Amino acid sequence: MKNETSKSYTFGLTIIATLGGLLFGYDTAVISGTVESLRHFFIEPMGLPLNEANAMEGFVISSALIGCILGAAVAGWVSQQFGRKKALFASAILFLLAAVGSAWPEIGYGMPGTGDYTFVYHFVAYRVLGGIGVGIASMVSPMYIAEIAPPEKRGSLVSWNQFAIIFGMLVVYFVNYTIAKQGDTEWLHAIGWRWMFASLAIPASIFFILLFFAPETPRWLVMKGKTAKAENILTKLVGSVAAKKEMKEIENSFDNDAIASLRPYYKFMITWFILFAIGLISLSLSGVSSAFEVSMIVSFLIALYVPIRSYGFLIIMTGVLLSAFQQFVGINVVLYYAPEIFKSMGSGTDSALLQTIIVGIINLSFTVLAIMTVDRFGRKPLLITGALVMAVSMLGLGTSFSQNLPGTLKLIFMLTYTAGFAMSWGPVCWVMLSEIFPNSVRSSVMSIAVAAQWVSNFLVSWTFPIMDKNKFLVETFNHGFAYWIYGALAVVAALFVWKRLPETKGKTLEDMENIWKK
């Protein structure tokens, strides 16, 4: 009976923590149903030249990713200094602020609906706040689950967070579709998009309230010297006998080397932000319209010199490229721009949103398939197979647009692509990142890899509208060019895994240390 109670308690805490993952998915995908409305409300009234308008649209749509990068950067410090639970509280509050502010960017200046395109930067600011919440949740939610889960169940429980991310995306697809059905296109452009962002407040409020019932993790309490409280929580989680044994293991795990291993990461972050500030100021003064985006990406690449010098080229670039390829195959183009892609196939607003829901269902279903098979078939086979499926699908999708083939064929390619990603690079990339690095540097190198993932996400989301709406490319390739690029990069991703990535299936962490020594 005691064992069943412990299991129920642990699973309940896991569900609470995975709400952070659900909000991660919800906040990043809510934009998919609002792209056309944001263009109509904010971008078109500016009267910008076509290329500048496309770049501005890409910035507005991807602005939350700026916050994601910042959130991921500070999540390690916040969760270590103030605790995992307080870090999750911070993310919940940020989600709430983002929900209200994105729906009501003129807050403090007028009632909802009274503002115009001049509030675009207010809107961007609230999207950045939501992005910071996403960045924190993306790191802390799985960390919280791992630190409260018993060793024999840790893998399966942490996997629920990935499921929750996809589920959050699917939920918001339904929400966006339902809201869009409440009025015509004019209503959607004026008011409907606001309700889509406001809907985030419901799961954010639930998350905030439930966190009051969740304890701090035993590992963080031990790190802060609160051993008695930690043991009490462990007893609830695993029982008194196992709690005493695990307490000793946790206490022994906190040594000076493990704490010191974060120092190169802090140096990397400081270097990155200094270079970013210098680049932003210099490019802005030079009149470069995309000064922010260029500075963000180039400063990150240059700052990688710091951790490469500390940890070595191979280990850093393996993590960075693994994360980057997860984004370079174009998944977030599908997640963020799915309704717009379907509209370019000839679908109306309602039909495009409904087809986006189908994409979400495929994503969720094949994520479950990956969770069930990753330990049976291994990591590399799934990653290579998924990359090749995505390559064929994206090349086929680009050709379908270029040759103006039927919309049904394009839908099949998009769904096949989504299935290929969900069964491989979606969940398995995170599995590899958590396993592939040696114990002594895992937290530092994984933090840099997560930052690389958000920067790559930002790059793809920013550049897609530029490629997809470029007059020359549209006239020449009829919207097909960008998908060919993603298809080619998927081929490169498969080659990278085949040639450079070690298999981690069945290997201990000590085995991984030996791999890097070779």
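Residues numbered from 1 in each chain as written. Predicted model: local features only at pLDDT ≥ 70, side-chain atom pairs only at ≥ 80, totals over all residues. Heavy atoms only, no water.

A.B. asks: Can you break down the overall build of the protein chain residue by residue, with the values?
C.D. replies: Tallying secondary structure elements over the protein chain gives 25 helices and zero strands in all. Per-residue burial for the protein chain yields a buried fraction of 55% across its 518 residues. Sequence separation of 24 or more characterises 81% of the internal contacts of the protein chain that already satisfy a separation of 6 or more. Total accessible area computed for the protein chain in this model is approximately 21,400 Å², and 66% of it derives from carbon and sulfur atoms. (Helix = DSSP H or I, 4+ residues; strand = E, 2+ residues; numbered from the N terminus. Buried < 20%, exposed > 50% of the residue type's maximum accessible area, 1.4 Å probe, protein only. Contact = heavy atoms within 4.5 Å. Areas by Shrake-Rupley, 256 points an atom, 1.4 Å probe, with all protein chains shown as cover.)

A.B. asks: Can you lay out a nonpolar patch on the surface for me, pointing to particular residues and giving the numbers?
C.D. replies: On the surface, I202, I206, I209, L210, F212 and F213 cluster together to form a nonpolar patch covering roughly 630 Å² of accessible area. One can find I202 in helix 8 (residues 201-210). (Patch = residues over 30% accessible without salt bridge, like charges linked within 9 Å, V, L, I, M, F, W, Y side chains within 5 Å. Salt bridge = Lys/Arg side-chain N within 4 Å of Asp/Glu carboxyl O.)

A.B. asks: Please give an account of the side chain of T318 that cites residues and values.
C.D. replies: Inspection of the secondary structure puts T318 in helix 16 (residues 313-328). Owing to a relative accessible area of 4%, T318 belongs among the buried residues under this scheme. Within polar-contact distance, the side chain of T318 engages the backbone oxygen of L314 at 2.7 Å. (Polar contact = N/O pair within 3.5 Å; in protein donor to acceptor, adjacent residues only side chain to side chain.)

A.B. asks: Describe in detail a positive patch on the surface, supporting the description with residues and values.
C.D. replies: On the surface, K86, K224, K226 and K229 cluster together into a patch of positive charge. In this fold, K226 is placed in the loop between helix 9 (218-223) and helix 10 (227-238). In this structure K226 comes out as partly exposed when scored by relative accessible area, which is 42%. (Lys, Arg positive; Asp, Glu negative; His and termini not counted. Charge placed at Lys NZ, Arg CZ, Asp CG, Glu CD.)

A.B. asks: Report on the environment of I166, specifying residues and quantitative values.
C.D. replies: Within the secondary structure, I166 is located in helix 6 (residues 154-180). Beyond its immediate sequence surroundings of up to four residues, I166 is in contact with G360, N363, L364 and T367.

A.B. asks: Got a sec to walk through the pattern of salt bridges? Specific residues and values, please.
C.D. replies: Tallied over the entire structure, the rule returns four salt bridges. We note a salt bridge from D27 to R127, for which the minimum N-O separation is 3.5 Å. Of this pair, D27 sits in helix 1 (residues 2-29) while R127 sits in helix 5 (residues 120-148), placing them 100 residues apart in sequence. By relative accessible area, which is 1% here, D27 ends up buried. Taking relative accessible area as the criterion, R127 reaches 2% and is therefore assigned buried. For E57, the salt bridge is made with R39, and the minimal N-O distance between the two is 3.1 Å. Placement of the pair is E57 in helix 3 (residues 50-81) and R39 in helix 2 (residues 35-43), with a sequence separation of 18 residues. R39 matches E57 in its accessibility class, with the two residues each being buried.

A.B. asks: An account of the packing of aromatic side chains is needed here, citing residue identities and associated values.
C.D. replies: Counted according to the given criterion, the structure contains 27 aromatic pairs. A ring pair is formed by F42 and F123, whose centres lie 5.3 Å apart and whose planes are at 35°; its orientation type is tilted. Here F42, found in helix 2, pairs with F123, found in helix 5; they are 81 residues apart in sequence, far enough to count as distant. When sorted by exposure, F42 lands in the same class as F123, which is buried. Consider the rings of F42 and W193, whose centres lie 5.7 Å apart with planes at 65°: the pair is edge-to-face. (Phe/Tyr/Trp six-rings, centres within 6.5 Å; stacked < 30°, edge-to-face > 60°.)

A.B. asks: Break down helix 19 (residues 379-402) for me, citing the residues and quoting the values.
C.D. replies: The first and last C-alpha atoms of helix 19 sit 34 Å apart over 24 residues, in line with the 34 Å expected at 1.5 Å per residue. Count one or two residues on from helix 19 and you reach N404, which has phi positive near 55°. (Expected span 1.5 Å × (residues − 1).)

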